[in-house]
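Chain by chain, the residues:
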Amino acid sequence: MSRRAVFLDRDGTIVDDPGYPRDPACVRLLPGAAGAIARLNRAGLRTIVVTNQSGIARGLLSEEDYRAVETRVDELLAREGARLDAHYFCPHLPEITGPCECRKPGVALYRRAADRFGIALGESWWVGDRLRDILPARTLGGGGVLVLTGAGEAERAEAARLGFAVVPDLARAVDTILG
């Protein structure tokens, strides 16, 4: 296994983002997401989800709801021959819970993953549909790719201005990473 990792946002990057998903039955993989993750798996790259889940702080879902959706994502990916090595989430919302270092673009969860798996952060990638998903690449090194699924279109211009790759979806992000 490589010391490189690809840190993926979940909602709007791997799965459709209906807003604060809490029902596992409603989880839908975005087209091509499982195949893209399977390609990363075959290339020997760690694939790790890091996601902000402020719905927990807002009282819109529980940690158990989050875990049930996480399990469903893993099941759907497994059906298509893909797997995630780990999931990390931030349940906070600064306006409610106060500041934290795990809410993206904070880097605490990435450092935790790096310690657990021996990841070389400066050789890794960040992929998501929002700037906050990929900005840790500027702090930790590595590369960032904004996908235009989810909320990506609204952040396209700023991501390009900051020098990040901007691509239509996760499959194209993986093309960039493996290219």
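The text that follows walks through the structure, step by step, so that each part is easy to find. (Residues numbered from 1 in each chain as written. Predicted model: local features only at pLDDT ≥ 70, side-chain atom pairs only at ≥ 80, totals over all residues. Heavy atoms only, no water.)

In this section: the layout of surface pockets. Volume-wise, the largest pocket comes out at about 320 Å³. In this structure, the largest pocket is lined by 18 residues; those nearest its centre are D17, Y20, N52, R130 and R132. For the lining of the largest pocket, the elements supplying multiple residues, two or more each, are strand 2 (46-52), helix 2 (54-57) and helix 6 (131-134). In the lining of the largest pocket, the residues fall into two nonpolar, six polar and 10 charged. (1 Å grid on protein atoms, 1.4 Å probe; cavity = no way out; pocket = protein on both sides within 12 Å on 5 of 7 lines; lining within 4 Å. Points joined across faces, edges and corners; volume = space filled by probe spheres on them. Helix = DSSP H or I, 4+ residues; strand = E, 2+ residues; numbered from the N terminus. Nonpolar A, V, L, I, M, F, W, Y, C, P; charged D, E, K, R; others polar.)

If you walk through the whole model with that rule in mind, you get one cavity of 30 Å³ or more. Roughly 40 Å³ of volume is contained in the largest cavity. Taken together, R10, D11, V15, D16, P18, P21, C26, V27, R28 and V69 make up the lining of the largest cavity. Across the lining of the largest cavity, the residue classes tally to six nonpolar, no polar and four charged.

Within the structure shown, the criterion is met by four aromatic pairs. Pairing F7 with Y110 gives two aromatic rings, centres 5.0 Å apart and planes at 85°, and the pair type is edge-to-face. One end of the pair, F7, is in strand 1 (residues 5-8); the other, Y110, is in helix 5 (residues 108-117), and 103 residues separate them in sequence. By relative accessible area, Y110 is classed as buried at 1%. Here Y110 and W126 contribute two aromatic rings whose centre-to-centre distance is 5.8 Å and whose plane-to-plane angle is 70°, an arrangement assigned as edge-to-face. Here Y110 is found in helix 5, whereas its partner W126 is found in strand 4 (residues 125-128), with 16 residues between them in sequence. (Phe/Tyr/Trp six-rings, centres within 6.5 Å; stacked < 30°, edge-to-face > 60°. Buried < 20%, exposed > 50% of the residue type's maximum accessible area, 1.4 Å probe, protein only.)

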